[in-house]
Protein chains: 2
Amino acid sequence: MITYQPNILVFSPEQAEAYAECIRDHGFTSVKAAATQEEAEKYLPSTEVILGWNFPTKLLNKPIASSVRWFQSIGAGVDDLIADNLIPENITLTRIVNQFGSYISEYVFTFLLYILKDVPRMKQSQMERQWDPFISESLAGKTIGVAGLGSIGAEIVRKARAFEMNVHGLSFSAKQAHLVDCHFTPDEWGEFVKDLDYLVLTLPLTDATHHIINRDILLAMKPKACLINVGRGALIDEGDLIPVMQSGHLLAAILDVFEKEPLPKDHVFWSMLNVYVTSHLSGPSTTDGVSRFFVENLKRFLHEQPLHGLVDRKRGY
Amino acid sequence: MITYQPNILVFSPEQAEAYAECIRDHGFTSVKAAATQEEAEKYLPSTEVILGWNFPTKLLNKPIASSVRWFQSIGAGVDDLIADNLIPENITLTRIVNQFGSYISEYVFTFLLYILKDVPRMKQSQMERQWDPFISESLAGKTIGVAGLGSIGAEIVRKARAFEMNVHGLSFSAKQAHLVDCHFTPDEWGEFVKDLDYLVLTLPLTDATHHIINRDILLAMKPKACLINVGRGALIDEGDLIPVMQSGHLLAAILDVFEKEPLPKDHVFWSMLNVYVTSHLSGPSTTDGVSRFFVENLKRFLHEQPLHGLVDRKRGY
């Protein structure tokens, strides 16, 4: 039984009503759904809590938003929300955490195994009715480096352990250094990448991580290593990555995120054989998962407990 | 320092000398390599130990083989060696164990993820330069059933745990029942399969398991479940599987082993879209892995300790 009912506004161009339904199912009765700026303007005056995706943040600086106390973003990355400086300081900002680890780590291992086991050769053999018992390699004993050891990175580490891999990690806080065999700090990128068979980026995009993967770092990687980016596109200097991939120095780049999304139709990545392009789908915000996270946070909000995924705007995530 | 040097014969049509070299590298000096029956006949008279793959077993009944005391098979399955009844009872028979778990479990998860995450759709989108952020499912919460809980099955279970799956198991001995959430015995096949999203066969081929997967079991499986066979081809009645796959009852059959290998060129499996044919490659006998296993067993043999992978011919594996 929920006694106090905060006024909640759900904003999402496509999924607003679906989220709202889920939240109402958990006993919250004052839940409005908005898919456009006009609808948002209509409901904002009494709104205390926003669950938002692609929200028109400029509205938050207007008097109609004066009762908003908390903005829960639908997503793990909040670089855009922090960068636009349009969310007043007195509004608490939270992001989704602990929701994408399973999905994103599955995405990572899908491609690691697809490439290592050479599924294309197996498919080709079947098409040609060719009995072809070739020997592929094993992940066991290979070294994976996970840059970013938040909830997503930690889940990749956990699965890498099950595959008997050596696990290295780089993180800014070093709080989770105990998870990995070797931990590196941001001044040790060159040392970190030089022994890796796989480098996975799960870092948030901040001033300190923008274009952190440049030509020098890419060339410091082992020949025939693989790069996987499930963080943010601008972690990588794409202008530097293109010639490195063209040179064949790396075996593969698996990219789910890009400096510009959707990736422009004429981008060279689409047609490169050693670049695997996917459409920012590795960590989908499922209605169910997001709603459960939000409802749990709502209860904490009502009981004045610390919220999950609280954003530190100075830190950048 | 190895003081007593047993006379070892390595037999393999293609890899004999490679195995022999590896074994000599471990300090054993009396190691002969044979690739043909003639060569085997030449070396057999003084041979005490055989490491063999596709060995002409009829030789073992002849007087020239009277000093042979132990036959180590290169491979996990020994159904053929037991069935031919040509290996005298006084020759100890061992098989490879604990060597294929990593490889075979990687093979299993390669295909589970390839299908679940819909890699073909991702590849297609890239080819068409189409931004297509579709939502795929997660292995987390799905149920996998592992039939056979030996070293291979146990490794599949371990990885399934890392993917947060529910894990059911069926085994004959129930010795490893503690590994799984629900354990079933061979009189409970119907109960075992009915709740599974994935059924993985790792059983040895014996009288008790021949054609154990027949029409009734296949139809007892959940619609849109997946069947994976990395055990032996004849665990499945292929004549029953064909119409079930044609009907679309199951989402996919992933088959690495077949009743007849190589799979005949005109077999219908090659051309079925929901059947994934691979060429008995999921658990490769690598020279290095087999040699290490054999050398460890050789030391146990010399110290009269129990051998790893000892075959119980009555049990059938």
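What you see is a predicted model, and the numbers here were worked out from it, not measured in a lab.

### A closer look at the domain arrangement of chain A
Residue and element names in this part refer to chain A.
Working step 1: Domain parsing of chain A yields domain 1 (8–98 + 285–302) and domain 2 (101–277).
Working step 2: Counting each side, the surface lost to burial between domain 1 and domain 2 is near 410 Å², with a carbon and sulfur contribution of 47%.
Working step 3: Of all residues in domain 1, D79, N98 and T286 bury the most surface against domain 2, accounting for 76% of the area lost on that side.
Working step 4: Between the two partners, domain 1 and domain 2, sit 1 salt bridge.
Working step 5: Here the residues of the side of domain 1 that touches domain 2 are counted per class, giving 2 nonpolar, 3 polar and 1 charged.

### Topic: the packing of helix α4 (residues 101–116) of chain A against helix α5 (residues 119–127) of chain B
Working step 1: Taken N-terminus to C-terminus, the directions of α4 of chain A and α5 of chain B make an angle of 80°; their axes are 12 Å apart at the nearest point. With respect to α5 of chain B, the axis of α4 of chain A lies roughly perpendicular. Contacts from Y107, T110, F111 and Y114 of chain A in α4 of chain A reach V119, M122 and K123 of chain B in α5 of chain B.
Working step 2: Looking at side-chain class alone, the contact of α4 of chain A with α5 of chain B contains 5 nonpolar, 1 polar and 1 charged residues.

### Overview of the interface of chain A and chain B
Working step 1: Every contact between the two is made by 55 residues of chain A and, on the other side, 55 residues of chain B.
Working step 2: For the pair chain A and chain B, the summed buried area comes to about 4600 Å², and 61% of that belongs to carbon and sulfur atoms.
Working step 3: It is Q126, R129 and W131 of chain A in chain A that bury the most area against chain B; as a group they hold 19% of the surface buried on that side.
Working step 4: One can count 2 salt bridges joining chain A with chain B.
Working step 5: At the junction of chain A and chain B, the tally comes to 24 residue pairs in polar contact (both at pLDDT 80 or more).
Working step 6: When residues of the side of chain A that touches chain B are traced back to their parent elements, those giving at least two are α4, α5 (119–127), α6 (151–162) and β12 (275–277) of chain A.
Working step 7: The leading source of residues in the side of chain A that touches chain B is α4 of chain A, at 10 residues.
Working step 8: Grouping the amino acids of the side of chain A that touches chain B by side-chain chemistry returns 28 nonpolar, 13 polar and 14 charged.

### Things to note about the sheet that holds strand β3 (residues 49–52) of chain B
All names here are of chain B.
Working step 1: If you walk across this open sheet you meet the 5 strands as β2-β1-β3-β4-β5, and the pairing is parallel. A strand with exactly one partner marks an edge of an open sheet, and here the two such strands are β2 (31–34) and β5 (92–94). With strand direction ignored, the average angle separating the axes of adjacent strands in the sheet is 15°.
Working step 2: In the sheet, strand β4 (residues 70–73) pairs with β5 via 3 bridges, with the strands oriented parallel. When the bridges of β5 are listed, Q72 appears paired with T94.
Working step 3: Its contacts with the sheet place helix α1 (residues 16–25) against β1 (8–11), β2 and β3, and it is angled at close to 170° to β2.
Working step 4: Those strands touched by helix α10 (residues 287–302) are β1, β3, β4 and β5, and its axis lies near 160° from that of β4.

Rules used in this analysis
- Residues numbered from 1 in each chain as written.
- Chains lettered and ligands numbered in written order.
- Predicted model: local features only at pLDDT ≥ 70, side-chain atom pairs only at ≥ 80, totals over all residues.
- Heavy atoms only, no water.
- Domains from an automatic or database assignment.
- Buried area = accessible area lost by both parts, 1.4 Å probe.
- Salt bridge = Lys/Arg side-chain N within 4 Å of Asp/Glu carboxyl O.
- Nonpolar A, V, L, I, M, F, W, Y, C, P; charged D, E, K, R; others polar.
- Axes fitted to C-alpha atoms, helices over the stretch in contact; angles between N-to-C directions.
- Helix = DSSP H or I, 4+ residues; strand = E, 2+ residues; numbered from the N terminus.
- Parallel < 35°, antiparallel > 145°, perpendicular 65-115°, else oblique.
- Contact = heavy atoms within 4.5 Å.
- Polar contact = N/O pair within 3.5 Å; in protein donor to acceptor, adjacent residues only side chain to side chain.
- Pairing = 2+ DSSP bridges.

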